[in-house]
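Topology and contacts: notes
Each chain is listed here by its residues.
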Amino acid sequence: EVARGEREAAVGEAERLDEALGMQALAVLAVRLHESSQQQQGAAVLARVKTLAGQDAGKLLWVADVARRLGKPGVGQDIERALLAEGRLHPERVPAVVTRVLETEGAVAALRVGEAAAKGTHHPELLDILMVASHNVGDEARAAYWSAIKLLSAGAEVAIKQTPK
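I will try to describe carefully the structure that is included in this document. This is a predicted model, so every value here is computed, not measured.

Conventions adopted
- Residues numbered from 1 in each chain as written.
- Predicted model: local features only at pLDDT ≥ 70, side-chain atom pairs only at ≥ 80, totals over all residues.
- Heavy atoms only, no water.
- Core = buried A, V, L, I, M, F, W, Y, C linked by side-chain atoms within 4.5 Å.
- Buried < 20%, exposed > 50% of the residue type's maximum accessible area, 1.4 Å probe, protein only.
- Helix = DSSP H or I, 4+ residues; strand = E, 2+ residues; numbered from the N terminus.
- Salt bridge = Lys/Arg side-chain N within 4 Å of Asp/Glu carboxyl O.

1. Some words on the nonpolar core
- Within the largest apolar cluster, 42 residues are counted, with the highest numbers of intra-cluster contacts made by Val49, Leu84 and Val98.
- For this core, the secondary structure elements donating two or more residues are helix 2 (19-35), helix 3 (39-53), helix 4 (57-69), helix 5 (73-85), helix 6 (94-105), helix 7 (107-117), helix 8 (124-136) and helix 9 (140-162).
- Per-element accounting of this core gives the leading share, seven residues, to helix 4.

Below you can see the structure in the form of structure tokens.
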């Protein structure tokens, strides 16, 4: 009972701190509770973290990561997939999500979501996935297109880095 009271006091204090800092502190608390065999309490704290995250994409990624640490990878994947569909997923996370789509739903689905994401990022790994998916559906012209986009993007990146400030 004492531990429960202390935990609730810690949760209340974290919620009173700066919103982002409080959410991060609660996320860490959820992981620690889970690691100390208090899975129910960890899940309850994760629910509070999700509430605090609201619709903020960066904060929702914290929720996704914590959910994975709590043994709920589906929750994390659902959050990332929704953010991808909305065009709000961080570009560094896009390739992993599209890879999961390729592995679980196939090349056609990966091309659908990956090409939509490519409107916002030409992440080299995403372009590689789009080339693989294009090959998987037998569309060599599409694969060549994504290969050319990758080369053009790499060239543009070099040019930008060499441009004097």
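On we go.
2. Considering the pattern of salt bridges
- Inspection of every chain in the model, using the stated rule, returns 12 salt bridges.
- When the shortest N-O distance is used, the salt bridge between glutamate 80 and arginine 68 registers 2.6 Å. Here glutamate 80, found in helix 5, pairs with arginine 68, found in helix 4; they are 12 residues apart in sequence, far enough to count as distant.
- The class for glutamate 80 is buried, based on a relative accessible area of 4%.
- By relative accessible area, arginine 68 is classed as partly exposed at 28%.
- Residue arginine 93 is joined to glutamate 80 by a salt bridge in which the shortest nitrogen-to-oxygen separation is 2.8 Å. Of this pair, arginine 93 sits in the loop between helix 5 and helix 6 while glutamate 80 sits in helix 5, and the two are 13 residues apart along the sequence.
- Using a relative accessible area of 22% as the deciding quantity, one classes arginine 93 as partly exposed.
- Shared partners join several salt bridges into a network, and the residues in it are Asp65, Arg68, Glu80, Arg93 and Arg100.

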